[in-house]
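Examination of the molecular architecture
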4 protein chains.
Amino acid sequence: MNIPNTRMFSSDNIAPVHPKVMKALQDINVNHCIAYGEDPYSESAIKKFKEIFGDNIDVYFVFNGTAANVLSIANITNTYNSVICSEVCHLNLDECGAPEKYTGCKLIPLPTPDGKIRVEQFHKYMFSFGFEHQSQPKVITITQTSVYGTVYAIDEIKKITGFAHKNNMLVHMDGARISNAAVALNCGFKEMTVDAGVDVLSFGMTKNGLMYGEAVVFFDKKMSENFKYIRKQGSQLASKMRYIAVQYETILSNNLWHENAKKANAMAKLLFEKIKDFKEIKVTQKVEANAVFAVLPAEVIEKIQKEAFFYIWDDTKSEIRWMTSFDTTEEDIENFVKVLRKYLK
Amino acid sequence: MNIPNTRMFSSDNIAPVHPKVMKALQDINVNHCIAYGEDPYSESAIKKFKEIFGDNIDVYFVFNGTAANVLSIANITNTYNSVICSEVCHLNLDECGAPEKYTGCKLIPLPTPDGKIRVEQFHKYMFSFGFEHQSQPKVITITQTSVYGTVYAIDEIKKITGFAHKNNMLVHMDGARISNAAVALNCGFKEMTVDAGVDVLSFGMTKNGLMYGEAVVFFDKKMSENFKYIRKQGSQLASKMRYIAVQYETILSNNLWHENAKKANAMAKLLFEKIKDFKEIKVTQKVEANAVFAVLPAEVIEKIQKEAFFYIWDDTKSEIRWMTSFDTTEEDIENFVKVLRKYLK
Amino acid sequence: MNIPNTRMFSSDNIAPVHPKVMKALQDINVNHCIAYGEDPYSESAIKKFKEIFGDNIDVYFVFNGTAANVLSIANITNTYNSVICSEVCHLNLDECGAPEKYTGCKLIPLPTPDGKIRVEQFHKYMFSFGFEHQSQPKVITITQTSVYGTVYAIDEIKKITGFAHKNNMLVHMDGARISNAAVALNCGFKEMTVDAGVDVLSFGMTKNGLMYGEAVVFFDKKMSENFKYIRKQGSQLASKMRYIAVQYETILSNNLWHENAKKANAMAKLLFEKIKDFKEIKVTQKVEANAVFAVLPAEVIEKIQKEAFFYIWDDTKSEIRWMTSFDTTEEDIENFVKVLRKYLK
Amino acid sequence: MNIPNTRMFSSDNIAPVHPKVMKALQDINVNHCIAYGEDPYSESAIKKFKEIFGDNIDVYFVFNGTAANVLSIANITNTYNSVICSEVCHLNLDECGAPEKYTGCKLIPLPTPDGKIRVEQFHKYMFSFGFEHQSQPKVITITQTSVYGTVYAIDEIKKITGFAHKNNMLVHMDGARISNAAVALNCGFKEMTVDAGVDVLSFGMTKNGLMYGEAVVFFDKKMSENFKYIRKQGSQLASKMRYIAVQYETILSNNLWHENAKKANAMAKLLFEKIKDFKEIKVTQKVEANAVFAVLPAEVIEKIQKEAFFYIWDDTKSEIRWMTSFDTTEEDIENFVKVLRKYLK
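All values derive from a computational prediction rather than experimental measurement. (Residues numbered from 1 in each chain as written. Chains lettered and ligands numbered in written order. Predicted model: local features only at pLDDT ≥ 70, side-chain atom pairs only at ≥ 80, totals over all residues. Heavy atoms only, no water.)

Of regular secondary structure, chain A possesses 13 helices and 11 strands. For a compact globule of 345 residues, the expected C-alpha radius of gyration is about 20 Å, and chain A comes in at 20 Å, within 12% of that figure. For chain A, the spread of C-alpha atoms along the principal axes amounts to about 60 × 55 × 35 Å. Here the analysis covers contacts within chain A between residues at least 6 apart in sequence; of these, 75% occur between residues at least 24 apart. Of the roughly 12,000 Å² that chain A leaves accessible, carbon and sulfur atoms contribute 49%. With 41 positive and 41 negative side-chain charges, chain A shows a spacing of 1 Å between the two charge centroids. (Helix = DSSP H or I, 4+ residues; strand = E, 2+ residues; numbered from the N terminus. Rg over C-alpha atoms; globule rule 2.2 N^0.38 Å. Contact = heavy atoms within 4.5 Å. Areas by Shrake-Rupley, 256 points an atom, 1.4 Å probe, with all protein chains shown as cover. Lys, Arg positive; Asp, Glu negative; His and termini not counted. Charge placed at Lys NZ, Arg CZ, Asp CG, Glu CD.)

Shown next as structure tokens:
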């Protein structure tokens, strides 16, 4: 098959697998190995997680981010609970109702101009406690980075987790792009998760160089004693688990995750720098990680998409999204800016 | 990491990825590629499916066999339907209730000494039609090969599908080991599925050499027009789909699936030939594919497991299961028979 | 037991059963009668429904309004659908997540100052069609009267149903207080439901004089062919159905429903007239049916509640709700106004 | 409406409401009364329950028996649990899959010739504990009286609850006909429930003289702290709760429940005595409560049904079921025996 040399800005999931990850997959591809996660590769990967997050964690691999979000929330809720979230978060907007179907919970979507939700928005839902007519608030979920590519500061996270815990609620973090956030905040994973009070993390690396797989990390082992049944019943127990485990071990070793995310973030920044003075482009969100949101003249969007594909974010406003990934190159950016220049005058 | 040279007979999922499949993964690991299955690799893989099954099919990749079973059945049922199955099939016994949780349907488990179910067992459930107090029978699901490693003859399948269709029911086949069945029956996939009246197939290859991924094949496009939503809501839409697609394309090309399954079946047969005269071993099922079921003296089981791991199937009867896979070697069998001999005097 | 002569304004469900309805229950309380709705009383009641709504309907009795809402929506959706509704409607706010748990659908709650939703709010959700990442819009549900006691004009309903049908969606009406709306609009049930394009109706009468029971009315028989299974599986098939049927037959006969609702509406109007000039009371919604919403000085609310109970609607604004019912008397109003006067100086 | 003087043996739910219960409904039908169970009638009824079962109970009213079964089991399970039951129990056979849909659990139906299940049948499912591939056994449910009208002796119940508790499981009793069992065993409700180790009871009285309503009784308050949300989300919170409460209070007072059940049981016994010597009738189950199961010549069944309706239990064997109720009279039996005589020569 001829492999077309395509470059896009549609998402960070269009990148290939990082070569070191691919090599690791190949290296372990010999001999027999017990299935379903009882293998030495899984054990070794989990050790790596504990180096990062500390010992009082439970780690479970699943296949993808939707599953990590849905099953981790199922694990800490009953069907009569509600989950407070941003209106535009993946869980609410882009999982085709998976959370409702699988957990039975009500999502309470909060409006937000920058993708981040604030404590001030939560108060009015706290009147439901104990009132059987209404879903009982149990989880606040935040997305790091947000879908707009903005980043919660550690203090912002602490304010949310403090509020949650004071109200007997738990905090879930959708960390599909947590590496990009860590680079943006110049901190490690621990500072903005368990140290900031987060209870459960969807710890995603597929957008940062893996082939597939996602990790659910519980920051308190008591919380997860039955999660193995939830994972299995959720169709998310991989038989050949070693191939997920080794990917995580690889990306978490030798700072590979950091290097990849740093590259992606830098390319978004570069793109922003090069277009910020275009009069026809209005950047709509702060460029803090690896996304650039912007409003373009409606009539050129399709033409530009044909040269390097990207998604329209909001049809009604001609707002588009450009994502960079670990393998975006400076040349990619320069070529794309040329394309922009061509159609924008 | 030191990779232990382990050999086991616990399942066919303990084998590594077939080297040709691994190579294919590596070969496509360049450039950008649109996510979620809109890519040329998925297109090409689906073309291969159509060469095998004919044009009137719809193919959807998911992550694993549980998902393929559960979502394909969800797609053709309402929650008030029932699903007739074997008591020992994976769907009933080994999916931690995933079918009930996800589809809402009732499973009707039928007893069976050899893992296969028969038309004669279905009649008594046909009185439920139209009676709102009872779940409405809608699907019969059969497993090829059965969990006991036995194989439905094509005529047996036709009898079941004929009965089902006469009663406005549909037939699902769990083909987690369909390659082993095809080799056993010396036929292709088409003869024992769409040509035999099967409506939906979980078309599994992970036990035959893939890393991950499973395909759901609908043998009538009208049936599946909304399956894409069911897959997404079921947390089974892979972002980097190309890596599932290329595995399927590879295994279905150049008869690789056949070669692998033939090897696995041959090794089970060899094992059976070598042990059938052991007085202490009572083989309990016909060895038609890649499984050997046998009763052993209770006191030796654990000792033998330590030398080459396998599962106890039925604790109450000291019945065990040995599975062979595409990478089981004659040497593996010989070594194992030596172990058996050692403990069985 | 001593029966306290309590008068309240907390809801219209605090009223007793209308004496004519109670008498009807007693009248049929003899002899044997086949269960589950195959009885002559159910047949006769359904005839009454057809006189009102026309012949192309299907009627199913369930136990209460939550069930009517949830099961009727389950019947016309798949789990991957979404349901557009008002943020404050009963379905979204006061059913403890029953719709999500039972239908699996996502609710899309729209903000609304007066309890009614408008076509202009729907457009942005129409971009989801065909995009598997997002729940597929399928139902718009409106509440008549709204939870704020406001009433959709027939033209407003037609605008919504027209929009829905143009987009292959269906319209459900929660008619828990449909009698009060009919009185307010001075029309019959048919004009504002099937004639206005509504597809399914939760036809409630418990707030208008019944003891229990609710009717789901489908305005197209094709829509409901499997609803009997959904009702049974939803734990909503009453064995002694005759006692629900006869209540409906009674309330729908001799204009009893109209007389009751007219009384309730008149009493709300009377209350409004008597308080509208209180400087300390700010009425917050138009009084169109049998509810009065108002902001009171926070410090008097509890005192007034002790004399005649009612609910606080919005704690953060000291907004309360007063409901009148078919058995509210002018004396009740006068006594209550005296209480108000006492505490409001 | 002309009320036909029909007499049937199809079920005990074809009887009317007991006149004393109807009178109680009427007696409380005045004034306003807070909704949703906060009323004095509910309080008073629950006091009656505590007189019967002791103080450490929680009582929740729902609408019907299916709901009581499904929601009580939902309350004590997670979706990955399994529920061991008789193959012919109502939960498994006659609730259209409500348990699977609502609880997500797997039912494990055990064969039983007399409707009762035994400890010996449970052992083989105990191997699933801790094994994530299989639903985790959590509840054993028994039906008292069984659907065959047979009765668990108190010692039989104790054996089951002892086994369950030893295995960290709970026991649910479906007491749709618990009054008939109490009469048969000549004991009270307490001896065969909480005193015998039962954890949760569906305490049914609709088949013994109520109009509607069912009570869920938890024999440990800790078990039920969140049940109010489950009931509400399950569409089973009655607004005008007082009308359920007062029915229970009435039937549980002055031994009315006992008198009714005694009458029903006596009539079944009378029927049995009168037919036991018919050569053409083969009674298939012990007549211990208010049911008679028998095989009749196939060709006469329809003719007899036309004179006094009853259900065919098993089409394949011409087995029918006759149920008596509290209002079955000796004259009813005599007339029916005449009919039998007519058609059986």
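Following the structure, the description resumes.
With that settled, consider the packing of helix α1 (residues 19–27) of chain C against helix α1 (residues 19–27) of chain D. Axis separation between α1 of chain C and α1 of chain D bottoms out at 11 Å; the angle between their running directions is 175°. Relative to α1 of chain D, the element α1 of chain C lies roughly antiparallel. For the pair α1 of chain C and α1 of chain D, contact is made by Met22, Leu25 and Gln26 of chain C and by Met22, Leu25 and Gln26 of chain D, respectively. By residue class, the composition of the contact of α1 of chain C with α1 of chain D is four nonpolar, two polar and no charged. (Axes fitted to C-alpha atoms, helices over the stretch in contact; angles between N-to-C directions. Parallel < 35°, antiparallel > 145°, perpendicular 65-115°, else oblique. Nonpolar A, V, L, I, M, F, W, Y, C, P; charged D, E, K, R; others polar.)

Moving on, we get to the interface of chain C and chain D. When the parts of a complex come together, some accessible area is lost, and that lost area is often used as the size of the interface. Each partner contributes residues to the interface: chain C has 63 residues there, and chain D has 63 residues. Elements with a contribution of two residues or more to the side of chain C that touches chain D: α1, α2 (40–53), α3 (65–75), α5 (98–103), α9 (227–233) and α10 (242–251) of chain C. It is α1 of chain C that provides the largest number of residues to the side of chain C that touches chain D, a total of four residues. Of the residues assigned to the side of chain C that touches chain D, the class counts are 32 nonpolar, 21 polar and 10 charged.

A few words now on the pattern of salt bridges. Inspection of every chain in the model, using the stated rule, returns 60 salt bridges over all chains. Each of Arg7, Asp327 and Asp332 of chain A takes part in salt bridges that share partners, so that together they form one network. (Salt bridge = Lys/Arg side-chain N within 4 Å of Asp/Glu carboxyl O.)

Time to look at the interface of chain B and chain C. Facing the 17 residues of chain B at the interface are 17 residues of chain C. Buried surface at the junction of chain B and chain C, summed over both partners, amounts to about 1,700 Å²; 53% is from carbon and sulfur atoms. Of all residues in chain B, Tyr80, Glu132 and Tyr229 of chain B give up the largest surface area on contact with chain C, accounting jointly for 43% of the area buried on that side. Where chain B packs against chain C, one counts two salt bridges. As a salt-bridge pair, Arg231 of chain B and Glu132 of chain C come within 3.6 Å of each other at their nearest N and O atoms. (Buried area = accessible area lost by both parts, 1.4 Å probe.)

Copy one and copy two of the chain differ by a rotation about an axis and a translation along that axis. Expressed as a screw operation, the relation of chain C to chain D combines 0.0 Å of axial shift with a rotation of 180°, fitting to an RMSD of 0.0 Å. Here the symmetry operator amounts to a two-fold rotation axis. With an isologous cut-off of 70% or more, the 100% of interface residues of chain C that recur at the interface of chain D puts this contact in the isologous class. (Least-squares fit on C-alpha atoms with pLDDT ≥ 70 in both.)

So, about the environment of Ala184 of chain C. Residue and element names in this part refer to chain C. Inspection of the secondary structure assignment puts Ala184 in helix α7 (residues 178–185). In the structure, Ala184 is positioned 34 residues away from Thr150 in sequence and 9.3 Å away in space, judged by C-alpha atoms. In this view, Ala184 contacts Val151, Asn265 and Glu288; residues no more than four positions away in its chain are not counted.

Now for the packing of aromatic side chains. Inspection of the entire model under this criterion finds 97 aromatic pairs over all chains. Arranged with centres 5.6 Å apart and planes meeting at 70°, the rings of Phe49 of chain B and Phe203 of chain B form a pair that is edge-to-face. Residue Phe49 of chain B is located in helix α2 (residues 40–53), and its partner Phe203 of chain B is located in strand β6 (residues 200–204); the two are separated by 154 residues in the primary sequence. Both residues of the pair, Phe49 of chain B and Phe203 of chain B, count as buried. Their ring planes at 80° and their centres at 5.3 Å tell us that Phe53 of chain B and Phe203 of chain B sit as a pair that is edge-to-face. Taken together, the residues span a long stretch of sequence, with Phe53 of chain B in helix α2 and Phe203 of chain B in strand β6 at a distance of 150 residues. The same class applies to Phe53 of chain B as to Phe203 of chain B, namely buried. What links up through ring pairs into an aromatic cluster is the set Phe49, Phe53, Phe61, Phe189, Phe203, Phe219, Tyr248 and Trp257 of chain A. Of note, Lys101 of chain D hangs over the ring of Tyr102 of chain C, and the distance from its end group to the ring centre comes to 4.2 Å. (Phe/Tyr/Trp six-rings, centres within 6.5 Å; stacked < 30°, edge-to-face > 60°. Buried < 20%, exposed > 50% of the residue type's maximum accessible area, 1.4 Å probe, protein only. Lys NZ or Arg CZ within 6 Å of the ring centre and 35° of its normal.)

To continue, consider the confidence of the model for chain A. Summarising the model, chain A shows a mean pLDDT of 97, and 99% of its residues fall at 70 or more. Predicted complex, confidence summary: ipTM 0.97, pTM 0.97. (pLDDT = per-residue confidence, 0-100.)

On to the sheet that holds strand β4 (residues 136–143) of chain A. Residue and element names in this part refer to chain A. Ordered by their spatial adjacency, seven strands build an open sheet running β1-β7-β6-β5-β4-β2-β3, and the pairing between neighbours is mixed. Looking at the sheet topology across the chains shown, the edges are occupied by β1 (58–62) and β3 (106–110). Pairs of neighbouring strands in the sheet enclose a mean axial angle of 20°, with direction left out of account. (Pairing = 2+ DSSP bridges.)

This paragraph deals with the state of the cysteines. Within the structure shown, the criterion is met by zero disulfides over all chains. Here Cys89 of chain C is not disulfide-linked; the sulfur of Cys85 of chain C is the nearest cysteine sulfur, at 4.0 Å. Residue class for Cys89 of chain C comes out buried when judged on its relative accessible area of 4%. Not engaged in a disulfide, the cysteine Cys96 of chain C finds its nearest cysteine sulfur in Cys105 of chain A; these two sulfurs lie 10 Å apart. Take Cys96 of chain C: its relative accessible area is 1%, and that puts it in the buried class. (Disulfide = S-S within 2.5 Å.)

On to the packing of α7 of chain C against helix α11 (residues 256–275) of chain C. Residues and elements named next belong to chain C. Relative orientation of the contacting elements α7 and α11 amounts to 80°, with a least axis distance of 8 Å. Considered as vectors, α7 and α11 are oriented roughly perpendicular to each other. Side by side, α7 and α11 meet where Ser179, Asn180, Ala182, Val183 and Ala184 of the first sit next to Trp257, His258, Ala261, Lys262, Ala264 and Asn265 of the second. Grouping the constituent residues of the contact of α7 with α11 by class yields six nonpolar, four polar and one charged.

Residue and element names in this part refer to chain B. Helix α7 (residues 178–185) sits mainly inside the fold: six of its eight residues count as buried. On its buried side, α7 packs onto β5 (170–175), β6 and α10 (256–275). Looking one or two residues beyond α7, the residue adopting positive phi is Asn186, at roughly 55°.

Once that is clear, we can look at the sheet that holds strand β3 (residues 106–110) of chain C. Residue and element names in this part refer to chain C. The seven strands are arranged β1-β7-β6-β5-β4-β2-β3 in an open sheet whose pairing can be described as mixed. Each end of this open sheet is capped by a strand with a single partner; those strands are β1 (58–62) and β3. With direction set aside, neighbouring strand axes in the sheet form an average angle of 20°. Where strand β2 (residues 81–86) lies against strand β4 (residues 136–143), four bridges are found, and the strand directions are parallel. Counted as the bridge partner of Ser82 is Pro137 from β4. Across the sheet, α3 lies against β1, β2, β5 (170–175), β6 (200–203) and β7 (214–218), angled at about 25° from β7, the strand it touches most.

Now for a positive patch on the surface. Residues and elements named next belong to chain A. Taken together, the side chains of Lys274, Lys279, Arg341 and Lys345 present a region of like positive charge at the surface. Along the chain, Lys274 falls in helix α11 (residues 256–275). Its relative accessible area of 32% is what places Lys274 among the partly exposed residues. (Patch = residues over 30% accessible without salt bridge, like charges linked within 9 Å, V, L, I, M, F, W, Y side chains within 5 Å.)

Residue and element names in this part refer to chain D. Along the chain, the position of Glu319 falls in strand β11 (residues 319–323). We note that Glu319 is buried and unpaired, the nearest opposite charge coming from Lys317 at a distance of 4.0 Å. A polar side-chain atom of Glu319 sits 2.6 Å from a polar atom in the side chain of Thr284. For Glu319, the residues in contact, after removing those within four places along its chain, are Thr284, Phe293, Ala294, Val295, Ile312, Trp313 and Asp314. (Polar contact = N/O pair within 3.5 Å; in protein donor to acceptor, adjacent residues only side chain to side chain.)

Residues and elements named next belong to chain D. Positionally, Gln247 belongs in helix α10 (residues 242–251). Since its relative accessible area comes to 0%, Gln247 is described here as buried. Here the alpha-carbon distance between Gln247 and Met126, two residues 121 residues apart in the chain, equals 41 Å. Ignoring any residue separated from it by four or fewer positions in sequence, one finds Gln247 in contact with Val21, Leu25, Leu210, Met211 and Tyr212.

Our focus in this paragraph is unusual backbone geometry. Thr145 of chain C follows Gln144 of chain C through a cis peptide bond whose omega is -5°. Look at Cys96 of chain C: it is not a glycine, yet its phi comes out positive at around 50°. Of note, Cys96 of chain C is situated in the loop between α4 (90–93) and α5. Backbone geometry places Asn186 of chain D, a non-glycine residue, at a positive phi of 55°. Along the chain, the position of Asn186 of chain D falls in the loop between α7 (178–185) and α8 (189–192).

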